[in-house]
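Observations on the three-dimensional arrangement
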Amino acid sequence: MKSLSIIVPCYNEEKVIQESYKRLKQVLDTLSNRSEIIFIDDGSVDKTALMLANIAASSPQVKVLSFSRNFGHQKAVTAGINYCTSDLAVIMDADLQDPPELIPRMLLAMQAESANVVYGVRKKRSGENWFKLFTAKIFYRLLNRLSDVKFPVDTGDFRLIDRKVIDQFNHLPEKNKYIRGLMSWMGFKQVPFYYEREARFAGETKYPFRKMLKFAMIGLFYFSKKPLNLATSLGFASIGLGLLYLLWILFCMIFLRGYIVTGWTSTVMLIVFFGGVQLLTIGVLGKYIGNLFDEAKGRPEYIVSEKINF
Ligand code: UDP
Ligand code: MG
């Protein structure tokens with residue numbers, strides 16, 4: 001029987017930890033697999049760390065990794081995968097949006113299809129505002145169009161992975177990881193698992209707009225070079241517009257003498273337009289250079305300050 005780790009990143013989740021643990025434990029007790037839970041405390045400033053330490057003290061099945069500060073959700077999941085020694089791992093949120101009760105069915109799906117990855121696809125998402133649903137929908141579809149890798153849409157990090165995938169993941173050198181994308185990129189046999197995403201059990205989202213944007217940017221710039229073509233396309237478009245404008249001026253000079261003297265609006269329009277095009281393309285180049293800079297620094301992805309039951 002294969003062993004199983006459940007990887008749960010936690011950031012200020014004092015309101016949900018106890019319930020998450022309870023529901024996970026109930027599910028794991030019904031399985032015949034040897035199992036463990038790895039909680040990653042991502043620099044929480046509430047009672048999360050203390051609560052996790054108490055849970056770990058009462059159960060050797062629970063392991064806790066604490067970060068020295070808040071490094072972010074993707075780094076926390078990465079650490080969980082790095083420290084996992086089991087044959088299989090499930091990645092899930094601490095807030096019970098991804099119901100632990102689905103784990104046995106995911107295990108069966110993996111076995112039935114001899115898959116390496118069983119990824120959750122959200123059929124419905126309860127308790128999420130229209131803005132999040134709308135931006136997520138646009139983002140996943142846009143990324144798919146721009147990227148050379150095809151990603152399943154409406155898929156988060158909730159998934160079951162096997163040792164092959166874990167080992168490959170641990171060899172990926174990039175520091176800014178867009179985990180769901182990397183897992184698709186890796187290949188192997190991946191099967192979808194449709195489920196209804198529930199509302200958060202308690203507390204509020206730890207992904208404010210700022211973090212969502214950063215996350216989306218890593219997905220976009222690490223998986224597509226198409227934004228770099230933007231400069232060329234915009235360049236051609238500007239030349240086209242410039243030529244049209246030149247024709248217009250010649251027309252005015254020949255047929256409507258004197259008209260071109262009153263050119264204030266058009267001059268300002270041109271400055272704003274070309275200024276915008278140039279800043280935009282410099283910005284896109286800057287993004288790629290910034291990412292290269294981050295990778296070149298070679299700093300560790302996260303710093304673990306404490307380990308319990310490892
Ligand atoms: N999380 C984390 N570090 C962060 C932000 C979030 O470890 O900086 C964890 C969080 O505790 C939760 C999971 O990542 O278990 C997903 O976050 P959340 O549920 O807030 O995101 P949402 O489901 O609203 O997109
Ligand atoms: Mg959540």
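Our subject is the structure that appears above.
By convention here, each chain's residues receive numbers from 1 onward along its written sequence. All chains are assigned letters beginning at A, and all ligands numbers beginning at 1, according to the order in which they are written. Reporting of local features is limited, given that this is a predicted model, to residues whose pLDDT is at least 70; pairs of side-chain atoms are given and counted only at 80 or more, and all residues count toward the totals for whole chains, interfaces and linings. Side-chain numbers here rest on the full set of heavy atoms in the structure, without hydrogens or water.

1. What about the overall build of the protein chain?
Labels follow the DSSP assignment, with helices taken as runs of H or I lasting at least four residues and strands as runs of E lasting at least two, numbered in each case from the N terminus. Check the secondary structure of the protein chain and you find 10 helices and 8 strands. What you see for the protein chain is a C-alpha radius of gyration of 25 Å, clearly larger than the 19 Å of a compact globule of 310 residues, by over 25%. With the C-alpha coordinates of the protein chain rotated into their principal frame, the extents come out at 90 × 40 × 40 Å. Think of it in three bands: residues with accessible area under 20% of the maximum for their type are buried, residues over 50% are exposed, and the middle band is partly exposed, with areas taken using a 1.4 Å probe on protein chains only. Each of the 310 residues in the protein chain was classed as buried or not, and the buried ones make up 47%. Here the globule rule reads 2.2 Å times residues to the power 0.38, and the radius of gyration is calculated from C-alpha atoms.

2. Things to note about the coordination of the magnesium ion (ligand 2)
We call an atom a donor if it is N, O or S and sits within 2.8 Å of the metal, or 3.2 Å for Na, K and Ca. Water is not counted, so some sites may look partial. The protein atoms that coordinate the magnesium ion (ligand 2) are D95 (OD) and Q97 (OE1), at distances of 1.9 to 2.0 Å. Note on accessibility: D95 and Q97 belong to one class, buried.

3. Let's talk about the packing of helix α5 (residues 130-146) against helix α8 (residues 209-223)
The N-to-C vectors of α5 and α8 enclose an angle of 10°; their axes lie 10 Å apart at closest approach. What the angle tells us is that α5 and α8 run roughly parallel. Residue-level contacts link F131, K132, T135, F139, L143 and L146 of α5 to F209, M212, A216, G219 and L220 of α8. Partitioned by chemical class, the residues of the contact of α5 with α8 number 8 nonpolar, 2 polar and 1 charged. Lines fitted to C-alpha atoms define the axes here, with helix axes fitted over just the stretch in contact, and angles between the N-to-C directions of these axes take values from 0 to 180 degrees. Relative orientations are named as follows: roughly parallel for angles under 35 degrees, roughly antiparallel for angles over 145 degrees, roughly perpendicular for angles from 65 to 115 degrees, and oblique for any other angle. By definition in these notes, contact holds between two residues if any of their heavy atoms fall within 4.5 Å. Here the nonpolar group is Ala, Val, Leu, Ile, Met, Phe, Trp, Tyr, Cys and Pro; Asp, Glu, Lys and Arg are the charged ones; every other residue, Gly included, is treated as polar.

4. Quick word on the side chain of T78
Residue position: T78 is located in helix α3 (residues 73-83). Looking at T78, the relative accessible area reads 1%, which means it is buried. Once residues within four sequence positions are removed from consideration, T78 is found in contact with F169, K177, I179, E301 and Y302.

5. A few points about the sheet that holds strand β1 (residues 4-10)
Think of it this way: DSSP has to see at least two bridges between two strands before they count as a pair. Spatially, the 8 strands line up as an open sheet ordered β7-β5-β6-β4-β1-β2-β3-β8, and their pairing is mixed. Because the sheet does not close on itself, it has two edges, and the strands there are β7 (190-197) and β8 (304-308). Averaged over neighbouring strand pairs, the angle between their axes works out to 20° when direction is ignored. As paired elements, β1 and strand β2 (residues 35-41) share 7 bridges and run parallel to each other. Bridged to I7 within β2 is I38. Against the sheet, α3 makes contact with β1, β2, β3 (62-67), β4 (88-91), β6 (155-162) and β8, and its axis sits at roughly 155° relative to β1, the strand it touches most.

6. Here's the deal with the nonpolar core
In these notes, a set of buried Ala, Val, Leu, Ile, Met, Phe, Trp, Tyr and Cys residues joined through side-chain atoms within 4.5 Å is what counts as a nonpolar core. Counting 41 residues, the largest nonpolar core has I40, F67, I81, I161, F169, Y178 and M183 as the members making the most contacts within it. With 6 residues, α8 is the single largest residue contributor to this core. Of all hydrophobic cores here, the second largest spans 38 residues; its members include V16, L28, L107 and F158.

7. Overview of the pairing of β1
Among the 7 residues of β1, 7 are classified as buried, and the element is accordingly described as predominantly covered. What you see with β1 is no split at all: L4, I6, V8 and C10 on one side and S5, I7 and P9 on the other are buried throughout. Classification remark: right-handed applies to a crossover when, strands pointing away from the viewer, the course from the first strand over the helix to the second runs clockwise. On the question of chirality, the crossover connecting β1 to the parallel β2 by way of helix α1 (residues 17-30) is right-handed. Here β1 pairs with β4 via 4 bridges, running parallel. Counted as the bridge partner of I7 is I91 from β4.

8. Some thoughts on the pattern of salt bridges
Within this document, salt bridges are pairs made up of a side-chain nitrogen of Lys or Arg and a carboxyl oxygen of Asp or Glu, the two lying within 4 Å of each other. Under the counting rule described, the total for this entry stands at 14 salt bridges. As a salt-bridge pair, R197 and D98 come within 3.0 Å of each other at their nearest N and O atoms. Here R197 is found in strand β7, whereas its partner D98 is found in the loop between β4 and α4 (103-112), with 99 residues between them in sequence. Taking the relative accessible area as the measure of exposure, R197 reaches 5% and is therefore buried. Note that K177 and E301 form a salt bridge whose closest N and O atoms lie 2.9 Å from each other. Placement of K177 in the loop between α6 (163-170) and α7 (179-186) and of E301 in the loop between α10 (264-297) and β8 is noted, with a sequence separation of 124 residues between them.

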